[in-house]
Amino acid sequence: MPDVPEHLRALHGDVVVHDDADAIAAACAELLAGASADACASRGRFDVALSGGSTPVATFDRLAGAPYRDSIEWPVWAVYFSDERAVPADHAESNYRLVREHLLTRVPIDPDRVRRMPADAADLDVAADEYAVTLHGDLPPGPAGPAGAPRLDCIVLGLGTNGHTASLFPGTPALNVVDRWVTRGRADHAPFDRLTLTYPTINAAALVVFLVSGAGKSAALRATAAGATPAADVMPADGRLLWLLDSAAAG
Ligand code: 6PG
């Protein structure tokens with residue numbers, strides 16, 4: 001496996017550089033299978049938040065194939081979202097649609113345990129509060145934090161070329177929300193309106209994994225290592241942070 005380059009050593013958490021996007025997907029699928037088995041053994045459920053975008057698709061496809069389709073305890077999974085765009089559930093830009101097509105319809109996850117973010121609601125503030133109530137009802141409280149946020153077992157995140165993660169975009173009010181678990185986000189490209197988990201929720205998780213692939217991400221990674229992007233503020237208070245990069249992104 002390629003070494004972690006000097007300019008990325010300041011990233012918080014563990015950093016692993018893989019050869020290519022396929023190797024990232026293989027590593028992430030294995031990681032999720034292990035995290036699911038651990039959570040299943042200790043709590044009898046696995047609460048995982050997934051992201052949209054293009055990068056996690058290869059991981060979803062791997063999870064839906066051999067050996068994971070048959071080896072993972074899918075009925076213990078409860079699936080949440082890191083963020084969602086303000087579009088209907090069947091829209092081409094919907095994160096829910098993406099996860100549904102590539103994973104949820106291909107493995108025996110209980111549909112009643114899939115918690116879509118209602119980002120197509122008329123009032124996004126109300127929708128954010130509703131999703132926070134869902135998280136509160138499903139999840140145990142996390143480690144002490146500003147909002148006493150609920151603790152997900154795992155959150156899978158991506159990194160935008162501008163350093164955003166989930167729908168925490170540079171210069172937007174969502175970055176400053178410390179007293180809510182879910183809030184509205186505002187992207188710099190369409191679909192503009194979003195719902196997103198807040199830092200208190202992301203940083204309460206037991207495991208946060210970033211998937212970052214391609215040369216187009218290398219400047220954003222460098223800026224994140226310098227502490228200059230929204231992704232740089234992802235620092236689980238009592239959990240593991242892991243960066244799975246490919247050598248193109250690591251630059
Ligand atoms: C979204 C995502 C977002 C994504 C990054 C990276 O809804 O847009 O959740 O945060 O993870 O933009 O996207 P790519 O994987 O497509 O580069």
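As the structure is a prediction and not an experimental result, all values here were calculated from the model.

Engineer: An account of the pairing of strand 5 (residues 154-158) is requested, with residue identities and associated values reported.
Structural biologist: Across the five residues of strand 5, four count as buried, placing the element largely inside the fold. Here two bridges tie strand 2 (residues 46-50) to strand 5, and the two strands are oriented parallel to one another. Each residue of the ladder has a partner; that of Val 48, found in strand 5, is Cys 154. Looking at chain direction, strand 5 and strand 8 (residues 207-212) are connected through four bridges and run parallel. For Leu 157, the partnering residue across the bridge sits in strand 8 and is Phe 210.

Engineer: Any details on the sheet that holds strand 2? Residues and values, ideally.
Structural biologist: An order of 1-9-8-5-2-3 is seen for the six strands of this open sheet, with the pairing classed as parallel. The open sheet is flanked by strand 1 (14-18) and strand 3 (77-81), the only strands paired with a single partner. Along the sheet, successive strands turn relative to each other by an average axial angle of 20 degrees, direction set aside. Of the pairings in the sheet, the one linking strand 2 to strand 3 comprises five bridges and is parallel in character. Across the sheet, residue Val 48 finds its bridge partner in strand 3, namely Val 79.

Engineer: Run through the side chain of Lys 217, naming residues and quoting values.
Structural biologist: Counting through the fold element by element, Lys 217 comes out in the loop between strand 8 and helix 7 (218-225). Look at Lys 217: it is buried, it has no salt bridge, and the nearest opposite charge is Asp 246 at 9.0 Å. In contact with Lys 217, not counting residues within four places along its chain, are Thr 55, Leu 159, Gly 160, Thr 161, Val 212 and Ala 249.

Engineer: Could you give an account of unusual backbone geometry, with specific residues and numbers?
Structural biologist: The omega angle of the peptide bond from Ala 66 to Pro 67 is 0 degrees, so this bond is cis rather than trans. Cis geometry is adopted by the peptide bond preceding Pro 191, which originates at Ala 190 and carries an omega value of -10 degrees. In the Ramachandran plot, Ala 166 falls in the positive-phi region, its phi being about 45 degrees despite a non-glycine side chain. With respect to the element layout, Ala 166 can be found in the loop between strand 5 and strand 6 (182-186).

Engineer: Now, about the nonpolar core: what can you tell me, with residues and values included?
Structural biologist: Among the nonpolar cores identified, the biggest contains 83 residues, and Trp 77, Leu 103, Leu 197 and Trp 243 are the most heavily contacted of them. With sequence-adjacent residues up to four places away left out, Leu 197 is seen in contact with Ala 49, Phe 81, Ser 82, Met 117, Tyr 131, Leu 135, Leu 152, Ile 155, Leu 168, Trp 181, Val 182 and Ile 202.

Engineer: Can you tell me about empty space enclosed by the protein, naming the residues and giving the values?
Structural biologist: Applying the stated rule across the entire model yields one cavity of 30 Å³ or more. Computed from the structure, the largest cavity encloses a volume of approximately 30 Å³. Lining the largest cavity, in full, are Leu 11, His 12, Thr 224, Ala 231, Ala 232, Val 234, Leu 241 and Trp 243. Grouping the constituent residues of the lining of the largest cavity by class yields six nonpolar, two polar and no charged.

Cut-off values and rules
- Residue positions are given per chain, counted from 1 along the sequence in the order it is written.
- Where totals are concerned, whole chains, interfaces and linings use all residues; where local detail is concerned, this predicted model gives features only for residues with pLDDT of at least 70, and gives and counts side-chain atom pairs only at 80 or more.
- Heavy atoms from the whole structure form the basis of all side-chain values; hydrogens and water molecules are not counted.
- Any residue under 20% of the maximum accessible area for its type is buried, any over 50% is exposed, and the rest in between are partly exposed; the area is computed with a 1.4 Å probe on protein chains only.
- Numbering of helices and strands starts at the N terminus; helices are DSSP runs of H or I of at least 4 residues and strands are runs of E of at least 2.
- Strands were regarded as paired on the criterion that DSSP finds at least two bridges between them.
- Think of each axis as a best-fit line through the C-alpha atoms, taken over the contacting stretch in the case of a helix, with angles from 0 to 180 degrees between the N-to-C directions.
- His is not counted here, nor are the chain ends, while Lys and Arg score as positive and Asp and Glu score as negative.
- For this analysis, a salt bridge means a side-chain nitrogen from Lys or Arg found within 4 Å of a carboxyl oxygen belonging to Asp or Glu.
- Any two residues having at least one pair of non-hydrogen atoms within 4.5 Å are treated as being in contact.
- To define a nonpolar core, start from buried Ala, Val, Leu, Ile, Met, Phe, Trp, Tyr and Cys residues and group those joined through side-chain atoms within 4.5 Å.
- Two kinds of site are reported from a 1 Å grid over the protein atoms alone, namely cavities, where a 1.4 Å probe fits but cannot get out, and pockets, open sets with protein on both sides within 12 Å along at least five of seven lines, and residues are called lining when an atom falls within 4 Å of a point.
- Grid points are joined across faces, edges and corners, and a volume is the space filled by probe spheres set on the points.
- For this classification, Asp, Glu, Lys and Arg are treated as charged, while Ala, Val, Leu, Ile, Met, Phe, Trp, Tyr, Cys and Pro are nonpolar and the rest, including Gly, are polar.

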